[in-house]
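If you want the building blocks of each chain, they are given just below.
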Amino acid sequence: DGGITQSPKYLFRKEGQNVTLSCEQNLNHDAMYWYRQDPGQGLRLIYYSQIVNDFQKGDIAEGYSVSREKKESFPLTVTSAQKNPTAFYLCASRQGPSTGELFFGEGSRLTVL
Amino acid sequence: EDQVTQSPEALRLQEGESSSLNCSYTVSGLRGLFWYRQDPGKGPEFLFTLYSAGEEKEKERLKATLTKKESFLHITAPKPEDSATYLCAVRPLKAAGNKLTFGGGTRVLVKP
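Residues numbered from 1 in each chain as written. Chains lettered and ligands numbered in written order. Predicted model: local features only at pLDDT ≥ 70, side-chain atom pairs only at ≥ 80, totals over all residues. Heavy atoms only, no water.

A.B. asks: Would you take a moment to explain the nonpolar core for this structure?
C.D. replies: Side chains of nonpolar character tend, in soluble globular proteins, to be buried together. The biggest cluster of nonpolar side chains holds 23 residues, and the ones touching the most others in it are Leu21, Leu33, Trp35, Leu73, Tyr86 and Val108 of chain B. Of all elements in the fold, only strand 2 (10-14), strand 3 (19-26), strand 4 (30-38), strand 5 (45-50), strand 7 (62-66), strand 8 (70-75), strand 9 (84-92) and strand 11 (106-111) of chain B reach the threshold of two or more residues within this core. Per element, the largest residue contribution to this core is four residues, and it comes from strand 9 of chain B. Sequence-distant contacts of Leu21 of chain B, that is, excluding residues within four places in its chain, are made with Ser7, Leu11, Trp35, Ser71, Phe72, Leu73, Ile75, Tyr86, Thr106 and Val108 of chain B. Listed in part, the 19 residues of the second largest apolar core include Ile4, Leu11, Phe74 and Leu110 of chain A. (Core = buried A, V, L, I, M, F, W, Y, C linked by side-chain atoms within 4.5 Å. Buried < 20%, exposed > 50% of the residue type's maximum accessible area, 1.4 Å probe, protein only. Helix = DSSP H or I, 4+ residues; strand = E, 2+ residues; numbered from the N terminus. Contact = heavy atoms within 4.5 Å.)

See below:
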């Protein structure tokens, strides 16, 4: 079945550590996105990529980094510079520029101890 | 600045008690409005896309409508399995990267 796979589902991090969240899709979608979700708030865009080897900052990119070396993969690194990293992280993809809806993975919950 | 506001924040319904969720938006040109359902600890699941005022879409007990300033998600005779958070998002005409702007969601609890 086609879809978006995020891993790990749960992750615990000590302060000062970098962690990388994986996002893989087999939908052959061009664009991929990372959103952050906090309780009571809307999803906020961290980074997005419309083609391989290209990505753009979203609204809250500080303290995060990404890469897009393959069409199917868009990993997100949460660095020690991110001041409040505890959140639910969602990866999404979109088929092409003419389609609007995003398809989401199951999410990764990061907790900083 | 593009904004999406959903109300109410939370809604408790008895099974069979119909109700409506509101999504008000401010955008410089609307390219599409989207509704998603999200279960606890899961990613959002796509429900509907609406493109122009007057448009309606239906799926089982859910019906989404759109005006120039807001969208409604009507839940008719809800069942406990309709309990979830419902998210609304807009795609502005000139959004960089075709990104979506999301509202805060409405948590719906349907009691048997």
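A.B. asks: In this structure, what is going on with the side chain of Asp38 of chain A? I would like to understand it.
C.D. replies: Residue and element names in this part refer to chain A. Following the sequence through the fold, Asp38 ends up in the loop between strand 4 (31-37) and strand 5 (44-51). A polar contact is formed between the side chain of Asp38 and the side chain of Arg44, at a distance of 2.8 Å. Once you skip the residues sitting within four places of it in the chain, Asp38 turns out to touch Arg44, Thr86 and Ala87. (Polar contact = N/O pair within 3.5 Å; in protein donor to acceptor, adjacent residues only side chain to side chain.)

A.B. asks: Explanation requested: the interface of chain A and chain B in the structure shown.
C.D. replies: In many reports, interface size means the accessible area that the parts give up when they come together. With 23 residues of chain A in contact, the opposing surface of chain B contributes 20 residues. Between chain A and chain B, the buried area comes to about 1,700 Å², and carbon and sulfur atoms account for 50% of it. Here chain A is connected to chain B by two salt bridges. The tally of links from chain A across to chain B stands at six residue pairs in polar contact (both at pLDDT 80 or more). Counting only elements with at least two residues in the side of chain A that touches chain B, the list comes to strand 4, strand 5 and strand 9 (87-94) of chain A. Class assignment for the residues of the side of chain A that touches chain B results in ten nonpolar, eight polar and five charged. (Buried area = accessible area lost by both parts, 1.4 Å probe. Salt bridge = Lys/Arg side-chain N within 4 Å of Asp/Glu carboxyl O. Nonpolar A, V, L, I, M, F, W, Y, C, P; charged D, E, K, R; others polar.)

A.B. asks: Could you clarify how one ought to interpret the sheet that holds strand 1 (residues 4-7) of chain A in this entry?
C.D. replies: Residue and element names in this part refer to chain A. Pairing is antiparallel across the open sheet formed by four strands, whose spatial order is 1-3-8-7. Each edge of the open sheet is held by one strand with a lone partner, namely strand 1 and strand 7 (64-66). On average, each strand axis in the sheet is inclined to that of its neighbour by 20 degrees, with strand direction left out of account. Where strand 1 meets strand 3 (residues 19-25), four bridges bridge the pair, whose relative direction is antiparallel. Across the sheet, Ser7 pairs through a bridge with Ser22, a residue of strand 3. (Pairing = 2+ DSSP bridges. Axes fitted to C-alpha atoms, helices over the stretch in contact; angles between N-to-C directions.)

A.B. asks: Help me understand the sheet that holds strand 7 of chain B in this model?
C.D. replies: Pairing between the strands of a sheet comes from backbone hydrogen bonds, and it takes one of two forms, parallel or antiparallel. All names here are of chain B. Strands sit in the order 1-3-8-7-6 across an open sheet of five strands; the sheet is antiparallel. A single partner strand is all that each edge strand has here, and the edge strands are strand 1 (3-7) and strand 6 (56-59). Geometrically, the sheet is characterised by an average inter-axis angle of 15 degrees between neighbouring strands, direction not taken into account.

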